[in-house]
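For reference, the chains in residue letters:
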Amino acid sequence: MKSILLAAALTATASVALAAERYTLDASHSQVVFSYDHLGFSTTFGMFSGFEGEIMFDQDDPSASSVTVSMPTKSMFTGWEKREGHFMSDDFFGATDADVITFASTSIEVTGADTAMITGDLTMNDVTKSVVLDAQLNQVGTHPQAGKAWAGFDATTTLLRSDFGLGAFAPFVSDEVAVQISVEAGIAE
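Everything numeric in this text was worked out from a predicted model, so none of it was measured.

Rules used in this analysis
Residues numbered from 1 in each chain as written. Predicted model: local features only at pLDDT ≥ 70, side-chain atom pairs only at ≥ 80, totals over all residues. Heavy atoms only, no water. Core = buried A, V, L, I, M, F, W, Y, C linked by side-chain atoms within 4.5 Å. Buried < 20%, exposed > 50% of the residue type's maximum accessible area, 1.4 Å probe, protein only. Helix = DSSP H or I, 4+ residues; strand = E, 2+ residues; numbered from the N terminus. Contact = heavy atoms within 4.5 Å. Salt bridge = Lys/Arg side-chain N within 4 Å of Asp/Glu carboxyl O.

Q: Sorry, what's going on with the nonpolar core here?
A: Proteins that are soluble and globular tend to have nonpolar side chains buried together. Ranked by size, the top nonpolar core spans 42 residues in total, and within it Phe 48, Ile 55, Phe 93, Leu 122 and Met 124 carry the most contacts. Examining the composition of this core, we find that six residues originate from one element, strand 10 (residues 176-187), more than from any other. Those residues in contact with Leu 122, other than ones at most four positions away along the chain, are Ile 101, Thr 102, Phe 103, Val 127, Thr 128, Lys 129, Val 131, Leu 159 and Phe 164.

See the structure below:
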């Protein structure tokens, strides 16, 4: 997702033209955190993890870059087992162990030296919708432990649960969900 942003930043700083390069997501340092209003009393948080994905980026033409990501629906963690069980029930996801959430970029608009708007298809709960991620490149460089090229990104977006057939209990539980994404990715070997 924000990985396309990496392409934009690399374009701004690269002095030698390179072909598209493949980066793979570091699942141990990549998360999607979400929050929503609960009855006006609190903001409730949760997260997804267990990412798989890759970023293909072209330093000469960041708009030709791409990112694909998937994560198991049941990787959701809210800190309360009963809530997680309710989210996986037929009231919401009706999730099985095989269900995944996917994102595949469709375009990138570079907005600055280290920022971009990444548009892509988000598929969740068997519904696909176009979403836009407001992305920020955090850093590109050599990972001090892995000893290879590495990149980190943050991004935000807002989703409507009802767009994905997950609008149960709205408006008491807000339909609007704020999403914060942070990922790391390493050059593929």
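Now, onward.
Q: Looking at this model, I keep getting lost on the pattern of salt bridges. Mind explaining?
A: In total, this model carries three salt bridges according to the counting rule given. Lys 148 is paired through a salt bridge with Glu 189; the nearest N and O atoms lie 3.2 Å apart. Of this pair, Lys 148 sits in the loop between strand 8 (127-142) and strand 9 (149-160) while Glu 189 sits in the segment after strand 10, placing them 41 residues apart in sequence. Classification of Glu 189 by relative accessible area gives exposed; the value is 85%.

Q: I keep staring at unusual backbone geometry and nothing clicks. Help me out?
A: Of the consecutive residues Ala 170 and Pro 171, the connecting peptide bond is found in the cis state with omega at 10°. Along the polypeptide, Pro 171 turns up in the loop between strand 9 and strand 10. Despite not being glycine, Leu 39 shows a phi value in the positive range, around 60°. Take Leu 39: it is sitting in the loop between strand 2 (31-38) and strand 3 (42-48). Although it is not a glycine, Asp 126 sits at a positive phi angle of roughly 65°.

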